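Fold and contact review
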Amino acid sequence: MDLTQRPPYDSVDFKALTKKDPDFKTLWQKCSGKLDFQDSETIKTLSRTILRADFGLQIDVPDDRLCPPIPNRWNYVSWIQGLIDSTSPNYSNTYDPEREVTGLDIGTGASAIYTMLCLQSRPSWTMCATDVDKKSFESAARNLALNNFMTRAKLFQSTELNPLIPLQALGVDRLDFTICNPPFFTNASDMTDSLKGEGKSWKPNAVCTGAEVEMICEGGDLGFVTKIVNESLVLKEKVRWYTSMLGKLESAKSIIVLLKKHGVTNWAVGVIDTGSSTKRWVVAWSFGDLRPRNSIARLETIANEYLPFPTVYNIHLPSTITPAAAKDVINTHLLSLDLNWNWDEQSSSGIGEASQNVWSRAYRRAYERSKKENPGVSAGKDTRAIELAFRIRVIDLASEVELHWLRGRDQVLWESFCGLIHRHFKKSG
Ligand code: SAH
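About the criteria used
- Residues numbered from 1 in each chain as written.
- Predicted model: local features only at pLDDT ≥ 70, side-chain atom pairs only at ≥ 80, totals over all residues.
- Heavy atoms only, no water.
- Pairing = 2+ DSSP bridges.
- Helix = DSSP H or I, 4+ residues; strand = E, 2+ residues; numbered from the N terminus.
- Axes fitted to C-alpha atoms, helices over the stretch in contact; angles between N-to-C directions.
- Buried < 20%, exposed > 50% of the residue type's maximum accessible area, 1.4 Å probe, protein only.
- Lys, Arg positive; Asp, Glu negative; His and termini not counted.
- Salt bridge = Lys/Arg side-chain N within 4 Å of Asp/Glu carboxyl O.
- Contact = heavy atoms within 4.5 Å.
- Patch = residues over 30% accessible without salt bridge, like charges linked within 9 Å, V, L, I, M, F, W, Y side chains within 5 Å.
- Areas by Shrake-Rupley, 256 points an atom, 1.4 Å probe, with all protein chains shown as cover.
- Charge placed at Lys NZ, Arg CZ, Asp CG, Glu CD.
- Expected span 1.5 Å × (residues − 1).

By the naming in an unreviewed UniProt entry, the chain is U6 small nuclear RNA (adenine-(43)-N(6))-methyltransferase, taken from Paraphoma chrysanthemicola.

**Remarks on the sheet that holds strand β12 (residues 400–407)**
Read from one edge of the open sheet, five strands run β8-β12-β11-β10-β9, paired in antiparallel fashion. A strand with exactly one partner marks an edge of an open sheet, and here the two such strands are β8 (312–316) and β9 (340–344). Looking at each pair of strands side by side, their axes are set apart by 15° on average, direction ignored. When strand β11 (residues 388–395) meets β12, the two strands line up antiparallel, connected through seven bridges.

**Observations regarding the side chain of Glu231**
Within the fold, Glu231 resides in helix α11 (residues 220–235). We note that Glu231 is buried and unpaired, the nearest opposite charge coming from Lys227 at a distance of 5.1 Å. Leave out the neighbours within four places in its chain, and Glu231 touches Pro163, Leu164 and Ile165.

**Things to note about a positive patch on the surface**
Together, Arg361, Arg364, Arg365 and Arg369 line one region of the surface with positive charge. Tracing the sequence through the fold places Arg361 in helix α15 (residues 361–373).

**A word on helix α4 (residues 70–85)**
Spanning 16 residues, α4 covers 22 Å between terminal C-alpha atoms, matching the ideal 22 Å at 1.5 Å per step. Burial analysis of α4 places 16 of its 16 residues in the buried class, the great majority of the element.

**Describing the side chain of Thr130**
Looking at the secondary structure, you find Thr130 in strand β2 (residues 125–131). Residue classification places Thr130 among the buried positions, given a relative accessible area of 5%. Beyond its immediate sequence surroundings of up to four residues, Thr130 is in contact with Leu104, Asp105, Ile106, Gly107, Thr108, Phe156, Ser158 and Pro166.

**Comments concerning the pairing of strand β7 (residues 280–286)**
On a regular strand, each side chain points to the face opposite its neighbour's, so the side chains alternate between the two faces of the sheet. Burial of β7 is extensive: six of the seven residues sit out of reach of the surface. Looking at chain direction, strand β5 (residues 239–246) and β7 are connected through five bridges and run antiparallel. Directly across from Thr243, in β7, lies its bridge partner Ala284. As paired strands, strand β6 (residues 266–272) and β7 are joined by seven bridges and run antiparallel to one another.

Put into structure tokens, the structure is as follows:
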């Protein structure tokens, strides 16, 4: 079972689960294949079964605490994996077992579900986890011990007075990401109204949706995540990616508006959709300059004003230019510029890093002049700060050139670079 890149769920195959798990088979036969999602034992058995069958994990959650639906939780973890992988400092865009990654699970709950899914799927990751509720905290610790995760997890029982990201109390200087499923509701009636679930096919009941301490906080999900935003404005790059789930699309939009108001330009928005009637939303933001891939950052179904600037730019080659010729043009051009450029023939792609707009006419003139005046002086290792990093891939079959924005804060610089490459491949005549 390779979990390092396990895909998200788009549905759950109950029939297949009956073959994998005898407890679930018994339940399935008892209800003749009609699972009662109103029944807490059904929900619990389902969660336990999926965890065991798909992840090799065990959980034990007290009756009066939230028993998490696993597909929903996994899809969020899977999105985080994509976010982290596509913003690796070495631009690998895939799981790198050598890379140490530390996350913080804010409000881990009685199941410690995110912490467990992260640790189980990524052997090189470590996790911190907090909760303010004593009963949940103790249960989280038991679950981590049950699955032998104690050496890779750091637990901290927090209080309302602490920050949501208590770096000092956790004894860590920096984090790669935070993950959080906040209390969604502002008060008890907000919670019961929403959970009555009129018109919904999946009506969760009190047992599987959690105790009030888990579900309610001032301002609901928006209030909780606004607190995370405010902390992030102080912690800045101490955390590479701040993320949270939100209960409603409107809340996700409000958070994005707030981030934009504070000048954040590097964010990502996604949907958690496991095929049930309940959709959730996830938002991530960063003060760093590594840019996540489009498929993670841009949820095409929501309005453009809530989406970050695209990090991919496609150029379709005119029929007069073959992919092989395009590769030559790209390499010749990039090698003539004052930037780092490494082409890999096998993957038909190259990675470049530029310290500024080195393709402007003025810059190129000065560069040419200095090369003439100091012939033979090799640049040596380029120690200048990188303002733009990109990947260029030539896709033979599609006759396409694909540009990826990997690093940089300056959208104008990226756009200018895309225009530069595009100009080579405009239809002639
Ligand atoms: N992560 C679990 C639980 C989510 S419920 C899951 O996804 O199933 C929200 C959790 O946040 C509850 O366990 C609640 O006790 C916790 N919580 C509420 N306020 C908190 C705070 N200030 N700091 C840390 N955890 C908090």
